[in-house]
Amino acid sequence: MLFWETYILVMETLEGNQIHVIKPVLPKLNSLYEHAISGEKGCWLFHPSWHMCIYKRMFASENKTLTKEGILHFLELYETKPLPNSLGFSEFVIGPLMDALSESSLYSRTSGQLMGACPPLGMRLQKFLATYLMLLPEEQKGSFLLKFIQKMTSRHWCAVPVLFLSMALAYIPACKVLGTEGLHALRDVLQCTMITHQILLRGAAQCYLLQTAMHLTDVEKVSLPEVANFLLSLRPEESLRRDTTLWMELCSWLQVNDRCFGKSITSDFEHQETSSLYQYVRSLVGEYLKTPASERENCFMPDWFEAKLVATVILLAADVEHMRNKYSGKSNIEWIELEAFLNPLLDVLMKLGSNAYIPTLKTDKSLQLLLKLLQTRSLKCSNTQDDGVLFFIWKSLMTAVESILEFVLRRLTTNELSTVGDLDRCDLYLALIPEIVNLCLQVSWKKVPSIKNFILSLTNASIRNLQERNCEEEPKLKEQIKRVASMASLTAVCEIMDQKPEAHIESLPSVDALKRFISFFQFNEVLKKPSYIEEKSSLCEETTSQGWGKIVARYVHDQWICLRFILNSFPTLAQEYEETSEMSLSTVERSRKILESALEALTILPSDQVLPVFDCMKVLVPKLLDSAESLCIEAFDLAWKIISSLSNTQLIFWSNLKAFVQFVFDTEVLAVAASAKGQAYAKIKEIIFKLIDMSTTKTGVFNVVLSHCCRSWVFPTVDERSALTNAFLNAGNYCELITEACVFGTVFRRDQRLIQDVHAFIENLGEKCAANVVTESTNRDDHYVRVCAIKFLCLLDGSKILHKTFMEDIFIKLLDKDELVSRSRTRYYANSLQHRIKNRVWQTLLVLLPKLDQNFLCGTLDKVFQAGFGNNQASVKYFIEWIVIFSLHKYPQFLDKFWDCFSYDEEKLKTSICTFLSVLSHFDIVLQNTSEKVTSFEKALVVVLQWCFNHNFSVRLYALVALKKIWGMCRMLHVEEFEALTPVIESSLQQVENMHGTGSELAEDEWISLAKFDRFTDVPLPPTFQWYHSRMELLDLKPSDWSQQDMGSNSVETDSQTEWADVQKKIIPWKNSTPSLDLEMVFQDRAAKLGKSNSRLIVVASLIDKPTNLGGLCRTSEIFGASALVVGSLHYIQDKQFQHLSVSAEQWLPLVEVKPSQLVDYLQQKKTEGYTIIGVEQTAKSFDLTEYCFPEKSLLLLGNEHEGIPANLIHHLDVCVEIPQQGIIRSLNVHVSGALLIWEYTRQQVIKQKQQK
């Protein structure tokens, strides 16, 4: 019977769909389980599906808070209760629970949690999954987990749920329950995670899924090839990369389980039940390099999948061997196994140069594997020689360098590349060249002459091929492919000279020929499409995905890479080679022609191929801004058109944007445009605002622009220094960039805040999560714009005239920005965009303040004071106060200006005078640098005393606090005039004890943690720079004696100061409130101070949500001397309607915050303290008010305006009292009802007191 009563109560309450009504009923679910389980037999008396109905109802709710509460309650079950096993539970977990868990918003942090903490749902999932799996019978664990993982692949999951589910799987204690099917399911999940754009979250999910595979896989059921295929689903640039903790964990797992893995179906070792890692890798390399005899050569390159697989397992096996040798204590490491893996590859590579009959497939595969091995870099060791495994691989490969170079030269310079499919091979050969150059520079310089000879031959042969002119009307495919390969070869040579200057390749005579050839080359030359008449190639061409247009675009793109090299290395544009007077017009004329060609190139090249054209324009535009400004503006417009058209593409947008920014915001381009102050200057400023506008919809755009400009202005390169007298001049000419950066940032949507929180959580894991180590930090968060701007400002030196002028200009512009925002909207809400912009303005001004001199401050302080008179949010007021305090502290001579602020008429000042009164609270700091302290204190007392009697409560509060502080300092000076005022002032100060205030209430996402300043390395600060000022002093401060005494411990405004312990903030003394553990003592103390009667009536109005009713009750309770009024939220006090009806009663009546969800606990606590709980409700057993005698310790519980007192609270009442009524309506307003009972209680107590006397 009890089970069904509770069950119906819970289900009926859930129909309400309101969390404040439902949450108090949730504990009843626990008693349901007690009734449903037999204590003796430990089995279900009622089928678990009854319970599942309740949870399913909660999961399906439109109210996400209710869904979250339901999920958390279900996940907590197994932590607290030993429930009997039921198949229904497993099905429920994999069905409705996982469906509910797919909602990203459920994974948000709670208000009390620190930024970067794991959200409650994430932690509960970890505990639940581990506990639930341990309680399942052994035979069910595998099938449950398999279904759980398969469910993760059954729908499109967002990044956040996949991450936390993967993390929960990874935290399950190690047990061998997954086989081949489980490994395949995990691989499917990996492929699902690749959909999200959140790279860090994607990488972290991959890390956790690999850990899941290692912890839960039964190695005897899976083979090494299956494990290797699974590993290849992990992206090395996001998760599994050599030298990370995850890689070492994987190596350790492979070593421990070596010879335990199941036998592969295709294994050669038929006589063995299991195979070792060494045998597997050796056979894999052998199989990889075997090529079947085919009748004709395949025109397509093999897929890279196999090469990646072989390279990865070779490195894994090598690291396992290294680990084994280290543990065995061998001093001389012989690398026997690694040598055995590399020998088959070396055999093929050594024959490449001499044997022209090796099958193309075999050469392709061997060179693909070689490239993958050479591209491996060590994360830990900056010098490859310190990495034993890599150094041995590189040293082994050195022997084949001449053979490889000979083969590549033959393939690239003779007519062996003849089909479109061969262009992929050309890319492979050219990708090898820089890696081989790097190999020789790292391991042995003896091979460098061979490289120089190779480059000499390659350059000369390529130039010859390109200079050949074909007279035939219909060019042959073979000829055109040869031209494309030759131009690509020259491009590779140019890039090597750019990237590896230490090889001194530019001294070769062929470089001179290359320079001459490029200088006279006809740019944007396109290749005519050949006629496909050759039978041999026709089969390949029909299936190729690479159309002729792409080939031509690549050919033009390569021309511009070569030109970029020439322009950067030889800026005279080969003028010395020009012999005729017609050709030697001028460098400007040559530049103009090339720029016109560049504009043409931008129109014919696809968007992903325009980077080298941007780079060339960067060199050309500064030379032409004076003589051909319209052409340069056309270049700006066309470049911007390309960038704006790419804004929806993720892959090529960022590299193109970077090239565009380096072109338009090049130091010399900016300087030349600014010196002329012409149309180009206006165009660049227009582009700045277009980029800022784009950044509001595409996060990270402004970051790229700003970090480039800040770096080039403060740390100019050698070229930039030689080009201009001072690169920092650009900062002054384009100061809008810094001004806008200081206030940049939109109000984040809830889903954006969630992603930021989860990012912070992953970043806080540090090296424990490999994604943090391998994922390249893009710094695209909006916060990094302000971080960059602030770091830039911190680097400036006030003693340098340019820096000083710039800072003064920024200071004025920010003050103007603040004034503009104030004028646009006189009233603005907390955490609105206007509030945030003003907050950022004053934060930045506070950073600049110490760097400004007295003369400048003298002229601008009036503007600061004017801002103080404005209608500002609390956080903005605090910054203005600190600026005034620091200015007066540094220059006490400005005190006269400050006193003038108190001379305006009262109507203008209104409550803004609080800002200036607050400054007086810190008068000890202000007067540290002045000798005339007595005169200043006299003036301060005269000023502050007149405001202590103001009719406005806030003004009185600030004035009295200031008076208390100043008076304490005056007493220490022992001046007679001050002693005479003692009685008057101390009586005024009594009022301070009974007042409280409110905090800044600035949203948490507006604060930038210092970790972000450390993480943002684009603009480095000197090691001696001090971020933490007075940190210990701030932490040691105690709350003052005017803190708010009655705020509940579970208040909405619970302190979040700990999160910002490293960030300097204005101290808010009432934040560290007295815990309301002994409310009675607090009430008595307050009542005594106010000289009021010590009433024992508590009025509980937590269920009332209309401010008008609460305001009236507050007034009534105060008038009749109630000891406290309990409300659902102290925020109601700020409501205008509440204040209109309460007429300041809240200042004299103790208010306690108890949320509706906390009422049961609060009522129980009061019962233990001897209170009688009285409900104002019409029930079957309620007493008539005229007949009921109130006990002295009475607690009056008032119901909600519409629903009265909920059913779950009726049980906790000692008695119900109803007001006798004669009318038809049968319902009184809740304030009127409460007032009648309060008066009746007071009347009875007054009569009792008279009788006792």
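Placed above this text is the structure.
Overview of the structure. (Residues numbered from 1 in each chain as written. Predicted model: local features only at pLDDT ≥ 70, side-chain atom pairs only at ≥ 80, totals over all residues. Heavy atoms only, no water.)

Summing up its helical and strand segments, the chain has 58 helices and seven strands in all. In the chain, buried positions account for 55% of the 1253 residues. Excluding contacts between residues fewer than 6 apart, the proportion of contacts in the chain whose partners are at least 24 apart in sequence is 78%. If you sum the accessible surface of the chain, you get close to 56000 Å²; carbon and sulfur atoms cover 53% of it. (Helix = DSSP H or I, 4+ residues; strand = E, 2+ residues; numbered from the N terminus. Buried < 20%, exposed > 50% of the residue type's maximum accessible area, 1.4 Å probe, protein only. Contact = heavy atoms within 4.5 Å. Areas by Shrake-Rupley, 256 points an atom, 1.4 Å probe, with all protein chains shown as cover.)

Glancing now at the packing of aromatic side chains. The geometry of an aromatic ring pair is captured by the separation of the ring centres together with the interplanar angle, meaning the angle of the planes. Overall, the coordinates contain 43 aromatic pairs when judged by the stated rule. Measuring from ring centre to ring centre gives 5.4 Å for Phe-128 and Tyr-132, while their planes differ by 20°; the resulting arrangement is stacked. Residue Phe-128 and its partner Tyr-132 are both found in helix α7 (residues 120-135); the two are separated by four residues, about one turn of the helix. Of the two residues, Phe-128 and Tyr-132, neither departs from the other in class, the shared state being buried. Aromatic pair Trp-253 and Phe-261: ring centres 5.5 Å apart, planes at 80°, arrangement edge-to-face. Residue Phe-261 is classed as buried on the basis of its relative accessible area, which comes to 1%. Pairwise contacts between aromatic rings join Tyr-55, Phe-59, Phe-74, Phe-92, Phe-128, Tyr-132, Phe-144 and Phe-148 into one cluster. (Phe/Tyr/Trp six-rings, centres within 6.5 Å; stacked < 30°, edge-to-face > 60°.)

Moving on: the nonpolar core. Among the nonpolar cores identified, the biggest contains 358 residues, and Phe-74, Phe-665, Trp-842, Phe-898, Leu-920 and Phe-923 are the most heavily contacted of them. What Phe-74 contacts, discounting residues up to four positions off in sequence, is Met-52, Tyr-55, Phe-89, Phe-92, Val-93, Leu-97 and Phe-128. In terms of nonpolar packing, the next biggest core, distinct from the first, is built from 30 residues, Ala-1101, Leu-1130, Ile-1133 and Val-1217 among them. (Core = buried A, V, L, I, M, F, W, Y, C linked by side-chain atoms within 4.5 Å.)

The next subject is the pairing of strand β4 (residues 1172-1176). In terms of burial, β4 is a largely internal element, five of the five residues being buried. Note: β4 against strand β6 (residues 1194-1197), four bridges, orientation parallel. From the neighbouring strand, Thr-1172 faces β6, where its bridge partner is Ser-1194. In terms of strand pairing, β4 meets strand β7 (residues 1215-1218) through three bridges, oriented parallel. Residue Ile-1174 lies in a different strand from β7, and its bridge partner there is Val-1215. (Pairing = 2+ DSSP bridges.)

Let us look at the environment of Leu-129. Counting through the fold element by element, Leu-129 comes out in helix α7. Distance from Leu-129 to Leu-75, taken between C-alpha atoms, is 8.6 Å for residues 54 residues apart in sequence. Apart from the residues within four sequence positions on either side, Leu-129 is in contact with Phe-144, Phe-148, Ala-168, Leu-169 and Ile-172.

It is worth spelling out the pattern of salt bridges at this point. Across all of its chains, the model carries 36 salt bridges by this definition. A salt bridge links Lys-290 to Glu-287, with the nearest nitrogen and oxygen atoms 3.4 Å apart. Assessed through its relative accessible area of 53%, Lys-290 is described here as exposed. Measuring nitrogen to oxygen at the nearest pair gives 3.6 Å for the salt bridge that ties Asp-1214 to Lys-1167. Taken together, the residues Asp-1214 in the loop between α57 (1207-1210) and β7 and Lys-1167 in helix α56 (residues 1159-1168) connect sequence positions 47 residues apart. In the salt-bridge network here, residues are joined through shared partners; they are Asp-637, Lys-683, Glu-686 and Lys-690. (Salt bridge = Lys/Arg side-chain N within 4 Å of Asp/Glu carboxyl O.)

As for its position among the elements, Arg-202 is in helix α11 (residues 199-216). Residue classification places Arg-202 among the buried residues on the basis of a relative accessible area of 10%. Dropping the residues within four chain positions of it, Arg-202 is found in contact with Thr-193, Met-194, Thr-196, Arg-235 and Glu-238.

The next subject is the sheet that holds β6. An order of β3-β2-β1-β6-β4-β7-β5 is seen for the seven strands of this open sheet, with the pairing classed as parallel. Edge strands, defined here as strands with exactly one partner in the open sheet, are β3 (1151-1153) and β5 (1183-1184). With four bridges connecting them, strand β1 (residues 1097-1101) and strand β2 (residues 1124-1127) associate as parallel partners. Within the sheet, the bridge partner assigned to Val-1099 lies in β2 and is Leu-1125. Docked against the sheet, α56 engages β1, β2, β4 and β6, running at close to 160° with respect to β6. Lying on the sheet, helix α58 (residues 1230-1252) is in contact with β1, β4, β6 and β7; it crosses β6 at an angle near 170°. (Axes fitted to C-alpha atoms, helices over the stretch in contact; angles between N-to-C directions.)

Moving on, we get to the state of the cysteines. The tally for this structure, following the rule as stated, stands at zero disulfides. Residue Cys-562 stays outside any disulfide, its sulfur separated by 4.0 Å from that of Cys-494, the closest cysteine. (Disulfide = S-S within 2.5 Å.)

What follows concerns a nonpolar patch on the surface. Taken together, the side chains of Ile-1119, Phe-1120 and Trp-1239 present a nonpolar region at the surface, about 300 Å² in accessible area. Following the sequence through the fold, Trp-1239 ends up in helix α58. (Patch = residues over 30% accessible without salt bridge, like charges linked within 9 Å, V, L, I, M, F, W, Y side chains within 5 Å.)

Next up on the list: the packing of helix α16 (residues 336-352) against helix α19 (residues 401-413). Two elements in contact, α16 and α19, have axes separated by 7 Å at closest approach and are oriented at 55°. Overall, the two elements α16 and α19 adopt an arrangement that is oblique. Judged by the sense of rotation from one axis to the other, the crossing of α16 with α19 is left-handed. Between α16 and α19, the contacting residues are Leu-349, Met-350, Lys-351 and Leu-352 on the first element and Ser-403, Ile-404, Phe-407 and Arg-410 on the second. In terms of residue class, the contact of α16 with α19 is made up of five nonpolar, one polar and two charged. (Parallel < 35°, antiparallel > 145°, perpendicular 65-115°, else oblique. Left-handed = near helix turned anticlockwise from the far one by under 90°. Nonpolar A, V, L, I, M, F, W, Y, C, P; charged D, E, K, R; others polar.)

Take the pairing of β1 next. The side chains of a regular strand alternate, residue by residue, between the two faces of the sheet. Summarising burial for β1: five of the five residues are buried, a large majority. Burial along β1 is two-sided: the residues Leu-1097, Val-1099 and Ala-1101 and Ile-1098 and Val-1100 are all buried. Bridge count for β1 against β6 is four bridges, and the pairing is parallel. Residue pairing across strands places Ile-1098 opposite Leu-1195, the latter belonging to β6. One crossover worth recording links β1 to the parallel β2 by way of helix α54 (residues 1107-1119), and it is right-handed. (Right-handed = clockwise from strand over helix to strand, strands pointing away.)

Glancing now at the environment of Val-448. Looking at where Val-448 falls in the secondary structure, it is placed in helix α21 (residues 448-467). When the C-alpha positions of Val-448 and Val-437 are compared, they lie 7.6 Å apart, and in sequence the two are 11 residues distant.

The next point concerns unusual backbone geometry. For Lys-677, which is not glycine, the phi torsion reads 50° and is therefore positive. Relative to the assigned elements, Lys-677 resides in the loop between α30 (667-676) and α31 (679-697). Looking at Lys-677, the relative accessible area reads 47%, which means it is partly exposed. Even without being glycine, Val-1143 reaches a positive phi, approximately 40°. The residue Val-1143 is located in the loop between α55 (1136-1142) and β3 in this model.

Turning next to the packing of helix α5 (residues 64-80) against α7. Put simply, α5 and α7 touch, their axes get as near as 8 Å, and they point 40° apart. Compared by their axis directions, α5 and α7 come out oblique. Crossing handedness for the pair α5 and α7: left-handed. Facing Ile-71, Leu-72, Phe-74, Leu-75, Glu-76, Tyr-78 and Glu-79 of α5, the residues of α7 in contact are Pro-120, Leu-121, Arg-124, Leu-125, Lys-127, Phe-128, Thr-131, Tyr-132 and Leu-135. Of the residues belonging to the contact of α5 with α7, the class tally is 11 nonpolar, one polar and four charged.

A rise of 1.5 Å per residue sets the reference length of helix α10 (residues 180-193), with its 14 residues, at 20 Å; its end C-alpha atoms lie 20 Å apart and thus fit the reference within 8%. Where α10 is concerned, the buried positions are Gly-182, Leu-183, Ala-185, Leu-186, Val-189, Leu-190 and Thr-193. Seen from one end, α10 has its buried residues packed into an arc of 160°, which puts them on one side. Where α10 is buried, its residues meet α8 (138-151), α9 (159-170), α11 and α12 (224-231). (Expected span 1.5 Å × (residues − 1). Arc of directions from axis to C-beta.)

As a further point, take the side chain of Lys-68. Tracing the backbone shows Lys-68 in helix α5. Of the polar contacts made by the side chain of Lys-68, one reaches the backbone oxygen of Leu-106; its length is 3.4 Å. Those residues in contact with Lys-68, other than ones at most four positions away along the chain, are Leu-106 and Ser-108. (Polar contact = N/O pair within 3.5 Å; in protein donor to acceptor, adjacent residues only side chain to side chain.)

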